[in-house]
Amino acid sequence: MADLYTVNKSPFEKNSLENAIRFSGEGASVLLIEDGVYGAMAGTAVSDLVASATGRKFHVLRADLKARGISEDRLIDGVELVDYAGFVDLVVSHDKVQAWL
Amino acid sequence: MPIEANGKVFETDEEGYLANINEWEPAVAEAMSKEDDLDLTDEHWDIINFLREYYEEYQIAPAVRVLTKAVGKKLGKDKGNSKYLYGLFPYGPGKQACRYAGLPKPTGCV
Amino acid sequence: MSDVKKFMYLNRRAPYGTIYAWESLEVVLIGAAFDQEVSLMFVDDGVFQLVKGSDTSESDMKNFTPTYRTLGDYGVRHMYVDKTSLEAHGLTQDDLIEVAWEDWESEEEVDNIVEVLDSEELAEKLGESDVVFSF
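Please read all numbers here as calculations on a predicted model, not as lab measurements. (Residues numbered from 1 in each chain as written. Chains lettered and ligands numbered in written order. Predicted model: local features only at pLDDT ≥ 70, side-chain atom pairs only at ≥ 80, totals over all residues. Heavy atoms only, no water.)

How do you make sense of the arrangement of the chains when you look at a structure like this?
Considering every one of the 2 pairs of chains in contact, the largest contact total is recorded for chains A and C. At the C-alpha level, the nearest point of chain A lies 14 Å from chain B, with no contact between them. (Contact = heavy atoms within 4.5 Å.)

What follows is the structure, encoded as structure tokens:
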């Protein structure tokens with residue numbers, strides 16, 4: 001079983017997402033929350049971080065995405081939307097949580 | 001001090017503003033004005049309703065000068081001045097009318 | 001009035017994740033009482049502050065995106081958006097809120113004071129400002 005990486009910083013401002021992906025192994029999951037949700041948007045200067053990462057599953061917290069006015073049809077293909085219950089499911093289904101701030 | 005209206009108890013902050021704007025109902029304004037010995041007329045309600053619409057649209061209580069200008073535009077120039085508004089709400093249209101409307105204190109109001 | 005100064009509020013942070021955007025907005029709202037010439041500029045993640053369609057019902061935060069739309073009533077005359085940042089963030093002007101402005105005396109009206117400008121134009125606006133507040 002692998003770890004869950006949470007990222008809560010904007011990928012335009014900090015390299016938290018880039019490094020979380022770099023340090024996460026194959027089979028790991030990355031959950032984008034708070035300002036981290038911008039990393040899940042297609043068509044931006046940093047979309048490649050998520051789009052080109054293989055072997056990792058990406059999730060984005062719906063409440064934080066909606067608060068920022070980003071609609072679901074802007075998400076990079078393959079990114080899965082989760083609600084708070086889904087967040088909890090991800091936590092319990094992984095070995096542990098690593099928060100990349 | 002919580003305020004009682006329509007058989008219910010409404011929580012307020014230390015300055016008497018409603019704790020939860022979503023709980024507001026007209027009876028709250030009636031109860032608050034009664035405590036101030038003020039009878040609410042249609043003219044008062046015009047302002048209270050205007051404030052609630054403004055908050056609904058912009059999510060803040062307007063500054064007094066914005067309220068004054070907007071009231072003048074919406075309800076007529078004769079009402080868009082501080083003399084008229086202070087006549088209705090002697091404690092200040094920003095503070096008193098916002099409180100009756102269940103809004104928070106206007107941003108920047110001390 | 002000769003002592004009117006040109007104030008520029010430079011916004012470079014995303015909304016909601018940190019308090020910067022709301023703090024800046026509050027300062028603008030309060031500062032509006034001082035009759036200065038106020039403009040706002042949105043660069044880098046600051047462009048996210050103007051994205052329309054915000055819905056905070058699931059996250060229990062105050063939704064202050066609609067509040068930007070009343071800034072014209074507070075005398076804000078210009079809201080400049082960095083074209084480079086907008087493109088890098090995958091956005092166009094269609095994704096942004098509109099803010100109307102009206103002079104209550106002359107009844108002069110502008111439908112939307114949100115304006116997308118290139119780097120050179122923005123540099124000029126910053127240069128013309130007497131004071132730049134950064135958030």
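Help me out: how do you make sense of the environment of K77(B) in this one?
Tracing the chain through its elements places K77(B) in the loop between α3 (64–75) and α4 (82–88). A residue is classified by how much of its surface remains accessible, and K77(B), at 67% relative accessible area, is exposed. (Helix = DSSP H or I, 4+ residues; strand = E, 2+ residues; numbered from the N terminus. Buried < 20%, exposed > 50% of the residue type's maximum accessible area, 1.4 Å probe, protein only.)

Can you help me understand the sheet that holds strand β5 (residues 97–100) of chain A in this one?
Remark on secondary structure: sheet strands pair via backbone hydrogen bonds, oriented parallel or antiparallel. All names here are of chain A. Strand order in the open sheet made by the 5 strands is β4-β3-β2-β1-β5, with parallel pairing throughout. The strands lining the two open edges of the sheet, one partner per strand, are β4 (80–82) and β5. Neighbour to neighbour, the strand axes of the sheet diverge by 25° on average, direction disregarded. The pairing of strand β2 (residues 29–32) with strand β3 (residues 57–61) spans 4 bridges and is classified as parallel. Residue pairing for β3: V30 is matched across the bridge by F58. Seen against the sheet, helix α1 (residues 16–23) touches β1 (4–7), β2, β3 and β5 and runs at an angle of roughly 170° to β1. (Pairing = 2+ DSSP bridges. Axes fitted to C-alpha atoms, helices over the stretch in contact; angles between N-to-C directions.)

Got a minute to help me understand the side chain of R99(B) in this structure?
All names here are of chain B. Position of R99 among the secondary structure elements: in helix α5 (residues 93–100). R99 gets classed as buried once you look at its relative accessible area, which sits at 16%. Engagement of the side chain of R99 in a polar contact is seen with the side chain of D36, the distance being 2.9 Å. (Polar contact = N/O pair within 3.5 Å; in protein donor to acceptor, adjacent residues only side chain to side chain.)

Explanation requested: the interface of chain C and chain B in the structure shown.
Quite often, the size of an interface is put as the accessible area lost when its parts meet. Contacts between the two partners involve 18 residues from chain C and, on the opposite side, 17 residues from chain B. Across the interface of chain C and chain B, roughly 1400 Å² is buried in total on both sides, 54% from carbon and sulfur atoms. The interface formed by chain C and chain B contains 3 salt bridges. Taking the shortest distance from any N to any O, the salt bridge between D35(C) and R65(B) comes out at 3.6 Å. Our enumeration of links across chain C and chain B arrives at 7 residue pairs in polar contact (both at pLDDT 80 or more). A total of 4 residues in the side of chain C that touches chain B trace back to one element, the largest contributor, which is helix α1 (residues 20–31) of chain C. For the side of chain C that touches chain B, the residue count by class is 8 nonpolar, 3 polar and 7 charged. (Buried area = accessible area lost by both parts, 1.4 Å probe. Salt bridge = Lys/Arg side-chain N within 4 Å of Asp/Glu carboxyl O. Nonpolar A, V, L, I, M, F, W, Y, C, P; charged D, E, K, R; others polar.)

Just to check I follow, could you spell out the nonpolar core for this structure?
Here is a general trend for soluble globular proteins: nonpolar side chains tend to be buried in one another's company. I48(B), L40(C), L50(C), Y68(C), L71(C) and M79(C) are the most contacted members of the largest nonpolar core, which has 89 residues in total. Counting residues per element, this core draws most heavily on helix α2 (residues 42–58) of chain B, at 8 residues. Excluding residues that lie within four positions of it along the chain, L50(C) makes contacts with F42(C), Y68(C), M79(C), V81(C), D95(C), L96(C), I97(C) and V114(C). Core analysis: the second largest hydrophobic core is formed by 7 residues, M8(C), V43(C), Y80(C) and L122(C) among them. (Core = buried A, V, L, I, M, F, W, Y, C linked by side-chain atoms within 4.5 Å.)

Please clarify how the interface of chain C and chain A should be interpreted in this entry.
On the side of chain A, 19 residues touch chain C, which itself brings 24 residues to the contact. The contact between chain C and chain A buries some 1600 Å² in all, and 47% of this surface belongs to carbon and sulfur atoms. At the junction of chain C with chain A, the criterion picks out 5 salt bridges. Taking the shortest distance from any N to any O, the salt bridge between D55(C) and K66(A) comes out at 3.4 Å. At the boundary of chain C with chain A, the tally comes to 10 residue pairs in polar contact (both at pLDDT 80 or more).

Looking at this structure, I do not really get unusual backbone geometry. What am I missing?
The phi angle of most residues is negative, glycine excepted, and most peptide bonds adopt the trans form. Residue and element names in this part refer to chain C. Phi at Y16 takes a positive value of approximately 75°, unusual for a residue other than glycine. By the element assignment, Y16 lies in the loop between β1 (6–11) and α1. For Y16, a relative accessible area of 9% translates into the label buried. With phi around 60°, E107 is a residue other than glycine that occupies positive phi space. Within the secondary structure, E107 sits in the loop between β4 (101–102) and β5 (109–110).

So what exactly am I meant to see when it comes to the sheet that holds strand β3 (residues 78–82) of chain C here?
All names here are of chain C. Read across the open sheet, the 5 strands follow the order β6-β3-β2-β1-β7; overall the sheet is parallel. With partners counted over all chains shown, the strands left at the sheet margins are β6 (114–117) and β7 (131–134), one partner each. Each strand of the sheet is rotated relative to its neighbour by a mean of 25°, with strand direction disregarded. Against the sheet, α1 contacts β1 and β2 (37–42), and its axis sits at roughly 165° relative to β1.

Is there a simple way to explain the pattern of salt bridges in this structure?
Side chains that differ in sign of charge can pair as their charged atoms come close. If you walk through the whole model with that rule in mind, you get 16 salt bridges over all chains. Two residues, D95(C) and R74(A), come together in a salt bridge whose shortest N-O distance is 2.4 Å. Of this pair, D95(C) sits in the loop between α2 (83–88) and β4 while R74(A) is found in the loop between α3 (62–67) and β4, placing the two residues in two different chains. Relative accessible area serves as the criterion here: at 17%, D95(C) is assigned to the buried category.

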